[in-house]
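Structural characterization, general
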Amino acid sequence: MPTVLESQDVVANVFKVKFHLEKPLRMDAKDMSSEEFFAFCQLNDDLRIERAADGQMIIMAPTGSETGNRNSEINAEIVFWNRIHKLGVTFDSSTGFTLPNGAERAPDTAWIRKERWDALGIQEKKKFAPIAPDFVLELRSENQSLSELREKMDEYMDCGCRLGWLIDPQNRRTYVYNENGEIQTVSFEEKLSGGEVMPGLEVVWGEVI
């Protein structure tokens, strides 16, 4: 039976999903409104859910403990840097954003400059904020396709992100996406820098994860 969930003046018919798969579940959701999609995600808050620009919904099970630990340590580096410099707002992997191309994505870590975040309306902040983060980070888990993650990083940058880090623990390297289109490969033993986007941020992943 569908569950009827009311959000302000919008009533959305949403349903609870249960599955045990190593790979994401994909389904067509282009006819689902933004309000219905948000309600669906809230009802299934134990899952990670995104929707691509073409309307395909991607439903992922929670990460394993090892990936969860790595993601926690990585997010802490961004949070601690931001607390010192106070230049913006940080977000964890449970946060969704509506990108300019219509996709609704949830990067593992994101950061937005304070003036851009403050320019959003109160209601916009309560749901999947219509904004491309200045910085996005994706952490590859053991069963994730590297090529699909690289496509997602390309999408982030095409939508206006200024800096992106794709972290690949299996190969101990980070792919750094710059707003000028350049992609660099940095080993876990080398120092990563936030550059002009996140001044003062420096980290060596080999010392963290």
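Everything below is about the structure printed above this text.
Attention shifts here to the overall build of the protein chain. Along the protein chain, the regular secondary structure elements total 5 helices and 15 strands. By the burial criterion, 45% of the 209 residues in the protein chain qualify as buried. Restricting to contacts in the protein chain with at least 6 residues of sequence separation, those with at least 24 account for 52%. Element-wise, carbon and sulfur atoms account for 47% of the exposed surface of the protein chain, whose accessible area totals about 11200 Å².

Let us now look at the state of the cysteines. Applying the stated criterion to the full structure yields 0 disulfides. Between Cys159, a cysteine without a disulfide, and Cys161, which holds the nearest cysteine sulfur, the sulfur-to-sulfur distance is 7.2 Å. A residue is classified by how much of its surface remains accessible, and Cys159, at 13% relative accessible area, is buried.

This paragraph deals with the packing of aromatic side chains. What the rule picks out here adds up to 7 aromatic pairs. Summarising the aromatic geometry, the rings of Phe38 and Phe128 are spaced 5.0 Å apart at their centres and angled 70° between planes, so their arrangement reads as edge-to-face. A residue pair is termed long-range when its members are at least 10 positions apart, and Phe38 in helix H1 (residues 34-43) and Phe128 in the loop between helix H4 (122-126) and strand S10 (135-139) qualify at 90 residues. For Phe38, a relative accessible area of 14% puts it in the buried group. Among the residues examined, Phe128 registers a relative accessible area of 16% and is labelled buried. Arranged with centres 6.1 Å apart and planes meeting at 85°, the rings of Trp165 and Trp205 form a pair that is edge-to-face. Of the two residues, Trp165 sits in strand S11 (residues 163-168) while Trp205 sits in the segment after strand S15 (202-203), which places them 40 residues apart along the sequence. The same class applies to Trp165 as to Trp205, namely buried.

For the rest of this paragraph, the subject is the environment of Glu35. Turning to its location among the elements, Glu35 is positioned in helix H1. Each C-alpha atom, one on Glu35 and one on Lys127, is 8.9 Å from the other, the two residues being 92 residues apart in sequence.

Overall, the coordinates contain 17 salt bridges when judged by the stated rule. In this structure, the salt-bridge partner of Arg51 is Glu104, at a minimum N-O distance of 2.7 Å. Highlighted residues: Arg51 in strand S4 (residues 48-51) and Glu104 in strand S8 (residues 104-105), separated in sequence by 53 residues. Both residues of the pair, Arg51 and Glu104, belong to the buried class. Ionic pairing is found between Arg113 and Glu115, a salt bridge with its closest N-O pair at 3.0 Å. Residues joined in a network through salt bridges with shared partners are Glu50, Arg105, Glu138, Lys152 and Glu155.

What counts, and at which threshold
- Residues numbered from 1 in each chain as written.
- Predicted model: local features only at pLDDT ≥ 70, side-chain atom pairs only at ≥ 80, totals over all residues.
- Heavy atoms only, no water.
- Helix = DSSP H or I, 4+ residues; strand = E, 2+ residues; numbered from the N terminus.
- Buried < 20%, exposed > 50% of the residue type's maximum accessible area, 1.4 Å probe, protein only.
- Contact = heavy atoms within 4.5 Å.
- Areas by Shrake-Rupley, 256 points an atom, 1.4 Å probe, with all protein chains shown as cover.
- Disulfide = S-S within 2.5 Å.
- Phe/Tyr/Trp six-rings, centres within 6.5 Å; stacked < 30°, edge-to-face > 60°.
- Salt bridge = Lys/Arg side-chain N within 4 Å of Asp/Glu carboxyl O.

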